[in-house]
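# Close look at the chain arrangement
The chain contents come next:
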Amino acid sequence: MSPAPISRRRALGLAGLGVASIAAGTAGWLATAQNPGGPFHAGASGEALREPQILDARAGRLAVALTAAAGARLAGRDTSALGYNGTSPGPTLRVRPGDDLAVRVTNRLDQPTNLHTHDLQISPLGNSDNPFLRIDPGASFDYLFRIPPDHPAGTHWYHPHHHGTVADQVFGGLAGALLVDRGPELPVTADRVLVVTDTTLDADGRIAAAGPMDRMMGRQGELVLVNGQHQPTIAASTGSMERWRIINGCTSRVLALRLPGQPLAQVALDGAFLPAPASTDRLVLAPGNRTDLLIRPDTAGRFQLTTDGYDRGSTAGMTGMGRRGQTATSPASTLATLTVDGPPRQPPPLPASLPAPTPNTAPITTRRRITFAMGMGTGGGMGPGGMGFTIDGRTFDPRRDDQTVQFGRTEEWTITNLSPLAHPFHLHVWPFTVVADSIGTPPTGTHQGVVLVPAQGWVRLRIPFTANPGRSVYHCHILDHEDAGMMSTINVRA
Ligand code: C2O
Ligand code: CU
Ligand code: CU
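Here's what I pulled together on the structure shown here. For clarity, every value in this text was computed on a predicted model and none was experimentally measured.

## What about the overall build of the protein chain?
Counting secondary structure elements, the protein chain contains 5 helices and 34 strands. Counting over 494 residues, the protein chain shows a buried share of 60%. For the protein chain, the share of sequence-separated contacts (at least 6 apart) that also reach a separation of at least 24 residues comes to 79%. Per element, the accessible surface of the protein chain, about 17,800 Å² overall, is 52% carbon and sulfur.

Written as structure tokens, this is what we have:
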């Protein structure tokens, strides 16, 4: 594959993206999202997939230092994107249930940061997965994440979570994989981590700033990267069975994954095994979602891992938005190419069952309604472009308890989305199952941490609050919306 200049992809991508093209007709709102110094040219496309360095726990403990700073190699070039220890994604952290994960985060950025262990079921208090902490530029902080002995095995990720700077920092490149492993669970020939991120760079390798319209619709990058590489190649042999752990680490982009010519067998979602492998030909991952797939090629060939275009909604018809409105489409693109070599050979059979978490069947004791909304000049403060991003009519206030939950109870939450854009709802620490939604998706009983709430629709969740009391947050995982205030607090009190 030749190193394609991004300018062409950019032209194609933006036609579907809508954000920039329409903003051009909206009094130049989007000026900062353009590349001031001309388009970025990817250095190498088609090179062999590399994986971030794996840091493994030994004797019950993994101690790592992560320095967040500008300067990382992306798409085969040295850039001023953000990295952890100079790489984007940062190192893969691998622990076992019962381990202690000690992370010293050093902030060499020009704005505050912190660290979130997305979907780990651990304490949200103190120096554990506490989203209220702040690490100022130049400062360091010592986290101690204690993984409970009964923590399920799965694929998670880490990223910054300081309110107001999250989208800039994740779009800038700060993300990494975090695996909880119990030892070999599946008889696979390869176990790969694929961290998908997106960003926009200029010709000098600087991250593009986001304009108000980008932040309103949720910024999407012109470059879609896998482990920081542009369209890498994954080499496999016939007769193999590979586990691909795919993390949607994009700021706002929804992935609709396909691998035409290869059946996809999903074995986990958001770090929780399904009861049995589920075959599918397309898998939708909202920002923050992860999936584990088994890939079993039996004949030689080249297969493209792609994302279909995904319609996230449009603001057409919203008061103050004008007749045309803005369309939020995640454009189609190619993520990677699987090249399979060898004579025709049958791969090992799919496992008949998987170590799924035991379903929670406790009676529901409390029902809550949560409402996501966007509005021009409405209450809850003014966000990007004069748009307010609210949950239950309010924007984020870390001092306020928005929900108080009795520890040990199981609740049912109905999340209603009044806006014409889909919003990915995410709750820290306490995984949920989706029991119903407004578009009739059949319930799967699967535990997850992020669910896309359809535009002008709803989802209903069962949430057991049976571990890890403490105070944390739920929010929209379009990180621009989170930064604009679409986040609330929850206090689970013992
Ligand atoms: Cu992945 Cu509160 O975030
Ligand atoms: Cu999270
Ligand atoms: Cu949102």
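## A look at the coordination of the copper ion (ligand 2)
Note on metal geometry: ideal angles are 109.5 degrees for four donors arranged tetrahedrally and 90 or 180 degrees for six donors arranged octahedrally. Donor atoms from the polypeptide that coordinate the copper ion (ligand 2) comprise His116 (NE2) and His426 (NE2), at 1.9 Å from the metal. Note that His116 is positioned in strand E6 (residues 116-118) and His426 in strand E28 (residues 423-427), a separation of 310 residues in sequence.

## Examining the packing of aromatic side chains
Enumeration according to the criterion identifies 10 aromatic pairs in this entry. Aromatic side chains Tyr84 and Tyr158 sit 5.4 Å apart centroid to centroid with 55° between the ring planes, which places their arrangement in the tilted category. Note that Tyr84 is positioned in strand E3 (residues 77-84) and Tyr158 in strand E8 (residues 154-159), a separation of 74 residues in sequence. On the basis of an interplanar angle of 65° and a centroid distance of 6.4 Å, the ring pair of Trp413 and Phe425 is categorised as edge-to-face. Placement of the pair is Trp413 in strand E27 (residues 410-417) and Phe425 in strand E28, with a sequence separation of 12 residues. Within the aromatic cluster, the residues linked to one another by ring pairs are Phe372, Trp413, Phe425, Trp430, Phe432, Phe465 and Tyr474. The ring of Phe132 is capped by Arg471, whose NZ or CZ atom sits 4.7 Å from the centre of that ring.

## Comments concerning empty space enclosed by the protein
According to the stated counting rule, one finds 4 cavities of 30 Å³ or more in the structure shown. Its volume calculated, the second largest cavity comes out at about 90 Å³. As for the second largest cavity, its lining consists of 16 residues, of which Asp119, Gln121, His156, Asp270 and Pro431 are closest to the centre. A breakdown of the residues in the lining of the second largest cavity according to their chemical character gives 7 nonpolar, 7 polar and 2 charged.

## As for the pairing of strand E20 (residues 301-307)
The side chains of a regular strand alternate between the sheet's two faces. Where strand E15 (residues 255-258) and E20 come together, 2 bridges link them in antiparallel fashion. Within E20, the position partnered with Leu257 by the bridge is Thr307. Summarising the sheet, E20 and strand E23 (residues 333-341) pair through 7 bridges and their orientation is antiparallel. Note that in E23 the partner of Leu305 across the bridge is Ala336.

## Side note on the sheet that holds strand E5 (residues 100-107)
The 4 strands lie next to each other as E3-E2-E5-E7, forming an open sheet whose pairing is mixed. Each end of this open sheet is capped by a strand with a single partner; those strands are E3 and strand E7 (140-146). Averaged over all neighbouring strand pairs, the angle between strand axes comes to 30°, with direction disregarded. In terms of strand pairing, E5 meets E7 through 7 bridges, oriented antiparallel. When the sheet's bridge partners are listed, Asp100 is paired in E7 with Arg146.

## As for the coordination of the copper ion (ligand 3)
Within the protein, the atoms that donate to the copper ion (ligand 3) are His423 (ND1), Cys476 (SG) and His481 (ND1), at distances of 2.0 to 2.1 Å. Mapping the donors of the copper ion (ligand 3) onto the primary sequence gives the spacing H-x52-C-x4-H. With a gap of 53 residues between them, His423 in strand E28 and Cys476 in strand E33 (residues 470-476) connect regions that are remote in the sequence. Each member of the pair, His423 together with Cys476, is buried.

## Looking at the layout of surface pockets
The calculated volume of the largest pocket comes to roughly 830 Å³. In this structure, the largest pocket is lined by 35 residues; those nearest its centre are Leu269, Val284, Thr441, Gln448 and Val451. Listed by contribution, the elements that provide at least two residues to the lining of the largest pocket are strand E16 (264-269), strand E17 (272-280), strand E18 (283-285), strand E21 (310-314), strand E29 (432-437) and strand E31 (450-453). Looking at the lining of the largest pocket element by element, the count peaks at 5 residues for E17. The space that makes up the second largest pocket amounts to roughly 570 Å³. When the residues that make up the lining of the second largest pocket are grouped by side-chain class, the tally is 13 nonpolar, 7 polar and 3 charged. Mapped onto the domain boundaries, the lining of the second largest pocket takes at least three residues apiece from domain 1 (8-180) and domain 3 (366-493).

Rules of the game
- Residues numbered from 1 in each chain as written.
- Chains lettered and ligands numbered in written order.
- Predicted model: local features only at pLDDT ≥ 70, side-chain atom pairs only at ≥ 80, totals over all residues.
- Heavy atoms only, no water.
- Helix = DSSP H or I, 4+ residues; strand = E, 2+ residues; numbered from the N terminus.
- Buried < 20%, exposed > 50% of the residue type's maximum accessible area, 1.4 Å probe, protein only.
- Contact = heavy atoms within 4.5 Å.
- Areas by Shrake-Rupley, 256 points an atom, 1.4 Å probe, with all protein chains shown as cover.
- Donors = N, O, S within 2.8 Å, 3.2 Å for Na, K, Ca; no water.
- Phe/Tyr/Trp six-rings, centres within 6.5 Å; stacked < 30°, edge-to-face > 60°.
- Lys NZ or Arg CZ within 6 Å of the ring centre and 35° of its normal.
- 1 Å grid on protein atoms, 1.4 Å probe; cavity = no way out; pocket = protein on both sides within 12 Å on 5 of 7 lines; lining within 4 Å.
- Points joined across faces, edges and corners; volume = space filled by probe spheres on them.
- Nonpolar A, V, L, I, M, F, W, Y, C, P; charged D, E, K, R; others polar.
- Pairing = 2+ DSSP bridges.
- Axes fitted to C-alpha atoms, helices over the stretch in contact; angles between N-to-C directions.
- Domains from an automatic or database assignment.

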